[in-house]
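Examining the three-dimensional arrangement
The lines below spell out each chain.
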Amino acid sequence: MPTAAPITRPYESLSSLLERKRMIDGAWVICLTVVLGAVTIPWFLHALDINLVHVAFWVFAYVVAHLGFSAATDRLGTSAAVAMALRAMLLCGVAFLTFFWHLVGGLQNPMFLAVFTLPVIMSGVLMTGAQTLVTALGSVLLVTMVAVSESPDLRWYVAQMTVPWIASIAAAGGSLLPPVRAVPGFESSPTYEFTLLVLFAAVQLTVAFLSRPLAVLLVRVNGRLEVSGKLLTEVQGLFHAVLRAEPDPAVIIYADSGQIVQASDSFFTRMLVRPSEMAGRGLFDVVQFEQAERVRAALSTQSGDLPFCVYRVHEETRIANVYFYRTEHHGVNYIYIGLQEVTELYYLHSAFDALEDPLMVVASDARLQYANRPARAIFGDLYFGMEIASVPKLQALFERLGDTDESQDDSSRIIDGQPYDVQRLVAHLPGEATACTVVWLHCVAKERALFEQAVRDPLTGAYNRRYFDDALARHVASSRAGRQLACAYCDLDYFKSINDQWGHAAGDAAIVAFARTVTGQLRAVDVFARLGGDEFAILFVNCDLDVAEAALTRIRTTLQTEGWSFDGQTRPLSFSSGLAVCRPGDDVEHLLQRTDKAVYAAKAAGKGRTATES
């Protein structure tokens with residue numbers, strides 16, 4: 001008869017044998033509990049006519065005895081003693097199962113014989129050597145003895161044998177173990193009983209032979225599972241170590257419930273929680289998102305990112321770019337979520353967007369690095385990395401900036417009809433090998449409007465005395481460098497008579513007509529100012545005495561021809577003027593004194609003329 005190869009176990013120490021004994025103890029208790037329950041059900045349904053209290057008593061007595069013997073076995077000091085105790089306990093268990101079978105009907109309860117396969121399987125899986133075959137043969141022998149003791153027909157067959165001691169044992173068994181009538185009216189034939197015993201022996205031996213290779217296979221599979229488990233544990237440990245070392249806050253949650261599975265150390269630090277506080281908590285319990293529904297809706301997709309998500313940590317508001325993706329492991333769906341902290345960047349970005357002035361950062365390769373909201377409002381859709389040549393308006397601005405002297409800090413440009421002061425700053429930014437250019441555009445339309453309002457006469461639009469004094473000082477200083485300058489004072493003739501005869505409205509009309517005529521005859525570089533009442537001054541920039549005098553003559557001729565209109569009538573208008581040129585060594589005071597002297601000379605000579613003071 002072939003036997004299975006013995007199982008080679010790497011550990012046959014006393015501790016391993018005791019561990020196997022504890023497993024067998026637990027299996028026996030569970031087995032007897034299940035068997036008692038299986039007997040109780042048909043008894044309750046009146047399918048078995050047995051004394052259930054008597055049966056339960058013997059089960060309880062055996063369990064107590066088994067546990068007592070097991071406790072005593074735990075104190076054994078050698079592996080051989082423990083192995084012998086294990087074999088004895090298995091055989092005692094088989095003997096009790098045989099007695100239990102007799103109590104619940106014996107041959108009248110053939111289904112109970114299936115229970116005897118359990119100790120055979122336990123022997124094959126947990127024991128070594130020939131214990132499995134011994135357990136199977138022992139169960140066959142004990143069951144056969146009980147069957148012979150219960151059945152008179154089987155005892156008759158045994159009595160016919162020529163072995164006297166077998167007949168004596170059968171006769172003694174018949175007197176000690178009378179049959180239990182568990183199923184009323186049940187009758188069996190000798191053929192049925194003999195066939196049942198043969199089938200039981202065949203099943204027990206088959207299970208014995210199959211359990212040994214099965215045990216070998218289980219040991220190998222268990223070894224491979226242990227190796228795989230160690231590798232998996234190592235990989236999981238590495239994964240957890242990498243996750244916990246993630247510099248940005250990161251967390252893994254269950255996709256269905258949102259409960260947190262694992263998180264990085266930076267997540268615990270940023271959210272001000274301890275790992276012990278995370279048990280059973282969900283993502284939204286720990287991270288208080290301001291727009292939680294928006295985040296929930298995004299997490300229902302496969303992957304993506306949410307820029308500038310606002311959340312709170314206690315009373316502090318923070319902002320992060322949230323990126324996530326789903327993954328599956330062993331049929332369970334997870335979501336990996338990372339939070340890139342951008343609180344400072346967000347506020348800086350918001351501050352730049354809140355500026356009224358366009359701000360841009362351009363790399364040395366003419367690619368845009370940053371543009372705030374006002375810049376996008378002027379130049380269109382701007383984004384990181386785009387070439388400025390793709391936006392004609394922006395390209396034109398930088399081309400004109402390139403034509404400007406590098407020593408200048410700012411320059412004036414007209415963009416969309418508005419004047420801008422353009423300032424440039426060349427700086428080395430982090431991450432850039434070469435210098436970047438920071439361009440700041442400041443709209444000066446309001447400043448210019450306020451400036452014009454401050455330096456203009458509200459009636460005529462000519463410059464006022466304050467601006468004239470500043471301009472005179474600048475141009476006198478320029479004349480010392482060799483540039484020519486002529487200054488003229490102009491007074492309207494008979495202006496008091498106009499006010500007295502037609503009123504101040506007529507006087508205003510005469511002044512406006514005079515200012516309009518003068519402005520039409522001057523160059524853009526000349527300065528025309530109203531000093532007060534009917535007194536005006538003109539600075540002829542880079543101009544000699546003859547050219548300035550010719551200009552005054554043209555103005556006088558035009559006024560005599562066109563005159564001024566009031567109340568539907570046109571009247572002639574004349575003025576007296578004094579003209580002086582700025583001589584080397586002159587200052588503002590001396591130039592004005594000579595100019596004033598000249599205008600008084602013109603008035604003294606009869607008005608309506610120009611007097612010069614060279």
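In this text, all values refer to a predicted model and were calculated from it rather than measured experimentally.

1. With respect to the packing of aromatic side chains
Enumeration over the complete set of coordinates arrives at 19 aromatic pairs. Taking the centre distance of 6.3 Å and the plane angle of 75 degrees together, the rings of phenylalanine 267 and phenylalanine 268 count as edge-to-face. Among the residues examined, phenylalanine 267 registers a relative accessible area of 0% and is labelled buried. Pairing tyrosine 325 with tyrosine 336 gives two aromatic rings, centres 5.2 Å apart and planes at 25 degrees, and the pair type is stacked. Note that tyrosine 325 is positioned in strand S5 (residues 316–329) and tyrosine 336 in strand S6 (residues 332–341), a separation of 11 residues in sequence.

2. Observations concerning the packing of helix H17 (residues 495–502) against helix H18 (residues 504–521)
In the contact formed by H17 and H18, the axes pass within 6 Å of each other and the chain directions differ by 140 degrees. Considered as vectors, H17 and H18 are oriented oblique to each other. When H17 is examined against H18, the residues Phe495, Ile498, Asn499 and Trp502 are found in contact with a partner set consisting of His504, Ala506, Gly507, Ala510 and Ile511.

3. Brief notes about the sheet that holds strand S17 (residues 575–581)
Spatially, the five strands line up as an open sheet ordered S13-S14-S12-S17-S18, and their pairing is mixed. At either end of the open sheet lies a strand with only one pairing partner, and these are strand S13 (527–532) and strand S18 (610–613). Strand-to-strand twist of the sheet, defined as the mean angle between neighbouring strand axes without regard to direction, takes the value 20 degrees. Here strand S12 (residues 485–492) pairs with S17 via seven bridges, running antiparallel. Note that in S17 the partner of tyrosine 489 across the bridge is glycine 578. Packed on one face of the sheet, helix H19 (residues 545–562) meets S12, strand S14 (535–541), S17 and S18 and runs near 170 degrees to S17.

4. Some words on the sheet that holds S6
Judged by pairing direction, the sheet is antiparallel, and its six strands sit side by side in the order S2-S1-S6-S5-S4-S3 without closing on themselves. Two strands bound the open sheet, and with one partner strand each, they are strand S2 (260–263) and strand S3 (288–289). As paired strands, S3 and strand S4 (residues 303–313) are joined by two bridges and run antiparallel to one another. When the bridges of S4 are listed, glutamine 288 appears paired with arginine 312. The sheet contacts of helix H11 (residues 292–299) involve S3, S4, S5 and S6, and relative to S4 the element is tilted by about 155 degrees. Where helix H12 (residues 343–354) meets the sheet, its contacts fall on S4, S5 and S6, and the angle it forms with S5 comes to roughly 120 degrees.

5. Topic: the confidence of the model for the protein
For the protein, the average pLDDT comes to 81, and 85% of its residues sit at 70 or higher. Per-element mean pLDDT across the protein ranges from 56 in helix H7 (residues 164–176) up to 94 in S14. In the predicted structure, residues 1–11 sits below a pLDDT of 50 and forms 19 contacts with residues beyond four places in sequence or in another chain. Throughout residues 404–410 the model reports pLDDT below 50, and contacts reaching past four residues in sequence, or to other chains, amount to 11 contacts.

6. As for a nonpolar patch on the surface
A cluster of nonpolar side chains, Ile41, Trp43, Phe44 and Leu45, forms an exposed patch at the surface whose accessible area comes to about 470 Å². Mapped onto the secondary structure, leucine 45 falls in the loop between helix H1 (14–44) and helix H2 (52–73).

7. Quick word on the nonpolar core
Val39, Phe100, Trp101, Phe112 and Phe116 are the most contacted members of the largest nonpolar core, which totals 36 residues. Where this core is concerned, the elements lending two or more residues are H1, H2, helix H3 (79–103), helix H5 (131–150) and helix H8 (190–244). Ranked by residues supplied to this core, first place goes to H3 with seven residues. When sequence neighbours within four positions are dropped, the list of residues in contact with phenylalanine 112 reads Val35, Val39, Leu97, Phe100, Trp101 and Val104.

8. Concerning the pairing of S13
Counting buried residues in S13 gives five out of six residues, a clear majority hidden from the surface. Direction of pairing for S13 relative to S14: antiparallel, over a ladder of five bridges. Its bridge partner lying in S14, phenylalanine 528 is registered against isoleucine 538. Linkage of S13 to S14, two consecutive antiparallel strands, is achieved through a turn of two residues, within which glycine 533 is found at a positive phi near 60 degrees.

9. Let's talk about the environment of tyrosine 489
With respect to the secondary-structure elements, tyrosine 489 resides in strand S12. Each C-alpha atom of the pair tyrosine 489 and leucine 539 lies 9.2 Å from the other, and the pair is 50 residues apart in sequence. In this structure, tyrosine 489 is in contact with Leu531, Phe536, Ala537, Ser576, Ser577, Gly578, Leu592, Thr595, Asp596 and Val599, ignoring residues within four places of it in sequence.

10. A word on the pattern of salt bridges
Counted under the stated rule, the structure contains 15 salt bridges. Here arginine 530 ties to aspartate 457 by a salt bridge, and the two come within 3.3 Å at their closest N and O atoms. Of this pair, arginine 530 sits in strand S13 while aspartate 457 is found in the loop between helix H15 (445–455) and helix H16 (465–479), placing the two residues 73 residues apart along the sequence. Considered together, arginine 530 and aspartate 457 belong to a single accessibility category, that of buried residues.

The rules behind the values
Residues numbered from 1 in each chain as written. Predicted model: local features only at pLDDT ≥ 70, side-chain atom pairs only at ≥ 80, totals over all residues. Heavy atoms only, no water. Phe/Tyr/Trp six-rings, centres within 6.5 Å; stacked < 30°, edge-to-face > 60°. Buried < 20%, exposed > 50% of the residue type's maximum accessible area, 1.4 Å probe, protein only. Helix = DSSP H or I, 4+ residues; strand = E, 2+ residues; numbered from the N terminus. Axes fitted to C-alpha atoms, helices over the stretch in contact; angles between N-to-C directions. Parallel < 35°, antiparallel > 145°, perpendicular 65-115°, else oblique. Contact = heavy atoms within 4.5 Å. Pairing = 2+ DSSP bridges. pLDDT = per-residue confidence, 0-100. Patch = residues over 30% accessible without salt bridge, like charges linked within 9 Å, V, L, I, M, F, W, Y side chains within 5 Å. Areas by Shrake-Rupley, 256 points an atom, 1.4 Å probe, with all protein chains shown as cover. Salt bridge = Lys/Arg side-chain N within 4 Å of Asp/Glu carboxyl O. Core = buried A, V, L, I, M, F, W, Y, C linked by side-chain atoms within 4.5 Å.

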